Structure formats: structure tokens, C-alpha cells
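# Close look at the chain arrangement
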Amino acid sequence: MEITDHVLPGLSSSIEVMEASTPLTYQDWGHRRLGSTSGWTWSADKAGELPGKLLVETPIANLLTAGIYAATELFLGGVPTALHTGTLAARLILEG
């Protein structure tokens with residue numbers, strides 16, 4: 001953290017708690033597939049192996065999905081993907 005003090009003097013001494021995570025953290029603690037942070041995979045290389053599609057609509061009547069696993073494509077990351085798929089699901093309900 002001392003490196004940041006060159007840009008923001010005193011920053012490192014102001015930090016009370018610092019957390020760090022890796023794909024293994026997401027896999028072990030979050031039960032995320034292959035340690036993904038953005039859906040089905042965290043790797044852009046692996047994302048190309050998946051068919052890019054939204055999974056908001058399901059084969060089950062009146063069952064919609066939302067969240068980071070509701071899209072197989074590497075969209076914009078975990079939270080933006082969850083928001084986007086949630087918005088799509090809401091539109092489907094409202095337009096229903």
C-alpha cells in the first residue's frame with residue numbers, strides 16, 4: 001500500500017480493513033462456477049466457448065431468471081449482468 005502514498009499521501013495509514021479475493025475465493029465461498037465473477041466464467045477465453053445467449057426466459061411457464069447466471073455471454077460483469085437480466089425479466093412481466 002505504500003505505493004499509493006506517492007499519489008495519495010497518507011492513504012495506507014488510513015485503511016482499517018482490506019479484503020482481497022481470487023477466483024478461488026469466489027469458487028469456494030460463493031460457490032461460483034470455476035470461480036467466476038461475471039457469470040458462467042471469469043475468463044474471456046473460456047467465454048468464447050459458450051453460446052452467447054440470455055437465459056431470462058425458461059421453458060417453464062411464468063418462470064423467469066435474473067442474475068449473473070441468466071446470460072451465457074460475458075456481458076459487463078456480475079452486477080451489471082444481474083441488473084440487465086432483472087430489467088429484462090421485469091419488462092417481460094409488465095408487457096406480459
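This structure is a prediction, so every number in the text was calculated from the model and none was measured.

## Some words on the overall build of the protein chain
Tallying secondary structure elements over the protein chain gives four helices and zero strands in all. Counting from the amino terminus, helix and strand elements in the protein chain follow one another as α-α-α-α. The proportion of buried residues among the 96 residues of the protein chain is 20%. Here the contacts in the protein chain between residues at least 6 apart in sequence split such that 34% fall between residues at least 24 apart. When the accessible surface of the protein chain is split by element, carbon and sulfur atoms take 60% of a total near 7200 Å².

## Quick word on the side chain of Thr85
Checked against the element boundaries, Thr85 lands in helix 4 (residues 78–95). The class of Thr85 is buried, set by a relative accessible area of 0%. The contacts of Thr85, once residues within four sequence positions are left out, are Leu54, Val56, Thr65, Ala66, Gly67, Ala70 and Ala71.

## Some words on a nonpolar patch on the surface
Among the surface-exposed residues, Val7, Leu8, Leu11, Ile15 and Met18 lie close enough to one another that they form a single nonpolar patch of about 470 Å² accessible area. Within the secondary structure, Leu11 is located in helix 1 (residues 11–14). According to the relative accessible area criterion, Leu11 is partly exposed, its value standing at 30%.

## With respect to helix 4
In this model, helix 4 (18 residues) spans 26 Å end to end at C-alpha, consistent with the 26 Å of a helix rising 1.5 Å per residue. Among the residues of helix 4, Gly78, Thr81, Thr85, Leu88 and Ala89 are the ones counted as buried. Along the long axis of helix 4, the arc covered by the buried residues comes to 100°, so they all point the same way. Opposite its buried face, helix 4 presents the exposed residues Val79, Leu83, Leu94 and Glu95, each directed more than 90 degrees away.

## Focus on the environment of Thr87
By secondary structure assignment, the location of Thr87 is in helix 4. A relative accessible area of 37% places Thr87 in the partly exposed class.

## Observations concerning the environment of Thr65
Take Thr65: it is sitting in the loop between helix 3 (44–47) and helix 4. Take Thr65: its relative accessible area is 29%, and that puts it in the partly exposed class. Separated by ten residues in the primary sequence, Thr65 and Leu55 have C-alpha atoms spaced 6.8 Å apart. For Thr65, the residues in contact, after removing those within four places along its chain, are Leu55, Val56, Thr58, Ala70, Thr85 and Ala89.

## Some points on the confidence of the model for the protein chain
Residues at a pLDDT of 70 or more form 80% of the protein chain, whose mean pLDDT is 81. Ranking the elements of the protein chain by mean pLDDT puts helix 3 last with 60 and helix 4 first with 89.

Calculation rules
Residues numbered from 1 in each chain as written. Predicted model: local features only at pLDDT ≥ 70, side-chain atom pairs only at ≥ 80, totals over all residues. Heavy atoms only, no water. Helix = DSSP H or I, 4+ residues; strand = E, 2+ residues; numbered from the N terminus. Buried < 20%, exposed > 50% of the residue type's maximum accessible area, 1.4 Å probe, protein only. Contact = heavy atoms within 4.5 Å. Areas by Shrake-Rupley, 256 points an atom, 1.4 Å probe, with all protein chains shown as cover. Patch = residues over 30% accessible without salt bridge, like charges linked within 9 Å, V, L, I, M, F, W, Y side chains within 5 Å. Salt bridge = Lys/Arg side-chain N within 4 Å of Asp/Glu carboxyl O. Expected span 1.5 Å × (residues − 1). Arc of directions from axis to C-beta. pLDDT = per-residue confidence, 0-100.

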